[in-house]
Amino acid sequence: MAELGWRVEGWTASERPGPMVLEGRAARLEPLGPGHVADLFAANRLDDAIWAYLPYGPFADAAEYGAWVAENAGRADPLFFAVIDRSTGKAGGVMSLLRIAPEAGTIEVGHICLSRGLQRTRAATEAIHLLAHWAFGAGYRRFEWKCDALNRPSRRAAERFGFSYEGVFRQATVVKGRNRDTAWFAMIDRDWPCLEAAYRAWLDDGNFDAAGRQARSLRELTAPCLAASDPG
């Protein structure tokens with residue numbers, strides 16, 4: 001007799017995300033729109049390296065970037081958000097929910113483009129937490145992160161954020177005329193209670209001194225929640 005997976009009792013399709021604002025203490029996610037172009041272009045132009053692994057960019061000027069925003073804002077999948085750092089009130093990055101499959105309970109975070117000023121800040125970490133918290137609250141069973149297998153910073157970030165390593169899909173696609181092997185990471189619903197506690201402990205004001213230095217790293221807090229670690 002064939003061996004089958006466990007029965008998922010009471011399963012119903014997850015909620016499909018739409019335009020929404022997600023509020024945190026350090027970050028706010030709001031639907032990407034023309035009003036974010038000036039802040040984002042100014043923040044992004046400080047380092048063209050942020051575009052290396054994305055299928056678009058860098059952009060020559062604000063008008064060209066604005067055209068990209070106009071083309072992508074309001075799409076249902078990918079559903080783009082501007083990441084607002086509440087300490088400055090300015091947009092410093094973009095991320096999206098994509099490959100949205102409510103019938104399977106799977107959803108991905110991607111198109112992550114954070115300016116150098118936003119990377120590794122409380123706002124950037126809270127932005128990921130806000131999307132994960134929404135996804136599992138909406139009934140998704142699986143929250144994915146994928147990146148170019150050569151993108152070591154993204155692979156390290158995925159693990160820091162609590163996504164477990166699942167392997168590499170060889171020759172997955174072609175980006176800007178170059179081969180891309182894709183590294184897969186995910187967290188699932190049964191990981192989430194452990195990860196939720198880790199995020200809340202890291203984001204707590206008591207984890208930071210007056211100079212903003214962390215007492216415990218997020219990597220330290222999420223490590224016990226991982227099903228598998230990235231060997232790369």
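Use the structure listed above.
Our subject in this report is the structure included herewith. (Residues numbered from 1 in each chain as written. Predicted model: local features only at pLDDT ≥ 70, side-chain atom pairs only at ≥ 80, totals over all residues. Heavy atoms only, no water.)

Looking at the pairing of strand β6 (residues 142-148)
A large share of β6 lies buried, amounting to 7 of its 7 residues. Bridge count for strand β5 (residues 106-114) against β6 is 4 bridges, and the pairing is parallel. From the neighbouring strand, threonine 106 faces β6, where its bridge partner is arginine 142. At this point the chain moves from β5, through helix α3 (residues 122-137), to the parallel β6, and the crossover so formed is right-handed. With 7 bridges joining them, β6 and strand β8 (residues 178-188) adopt antiparallel strand pairing. Bridge assignment links lysine 146 to a residue of β8, and that residue is tryptophan 184. (Buried < 20%, exposed > 50% of the residue type's maximum accessible area, 1.4 Å probe, protein only. Helix = DSSP H or I, 4+ residues; strand = E, 2+ residues; numbered from the N terminus. Pairing = 2+ DSSP bridges. Right-handed = clockwise from strand over helix to strand, strands pointing away.)

Digging into the side chain of arginine 160
The residue arginine 160 is located in helix α4 (residues 152-160) in this model. Although arginine 160 is buried, it forms no salt bridge, and the closest oppositely charged side chain is glutamate 159 at an N-O distance of 11 Å. Side-chain polar atoms of arginine 160 contact the side chain of threonine 125, separated by 3.2 Å. Once residues lying within four places of it in the same chain are set aside, the contact partners of arginine 160 are Arg120, Thr125, Trp202, Leu218, Arg219 and Thr222. (Lys, Arg positive; Asp, Glu negative; His and termini not counted. Salt bridge = Lys/Arg side-chain N within 4 Å of Asp/Glu carboxyl O. Polar contact = N/O pair within 3.5 Å; in protein donor to acceptor, adjacent residues only side chain to side chain. Contact = heavy atoms within 4.5 Å.)

A look at the state of the cysteines
This model, assessed by the stated rule, comprises 1 disulfide. What pairs with cysteine 194 in a disulfide is cysteine 225, and their sulfur atoms sit 2.0 Å apart. Its S-S torsion of about -75° marks the bond between cysteine 194 and cysteine 225 as left-handed, since a negative value means left-handed. One end of the pair, cysteine 194, is in helix α5 (residues 192-203); the other, cysteine 225, is in the segment after α6 (218-222), and 31 residues separate them in sequence. By relative accessible area, which is 8% here, cysteine 225 ends up buried. (Disulfide = S-S within 2.5 Å.)

By themselves, these are just geometric observations and shouldn't be taken as functional.
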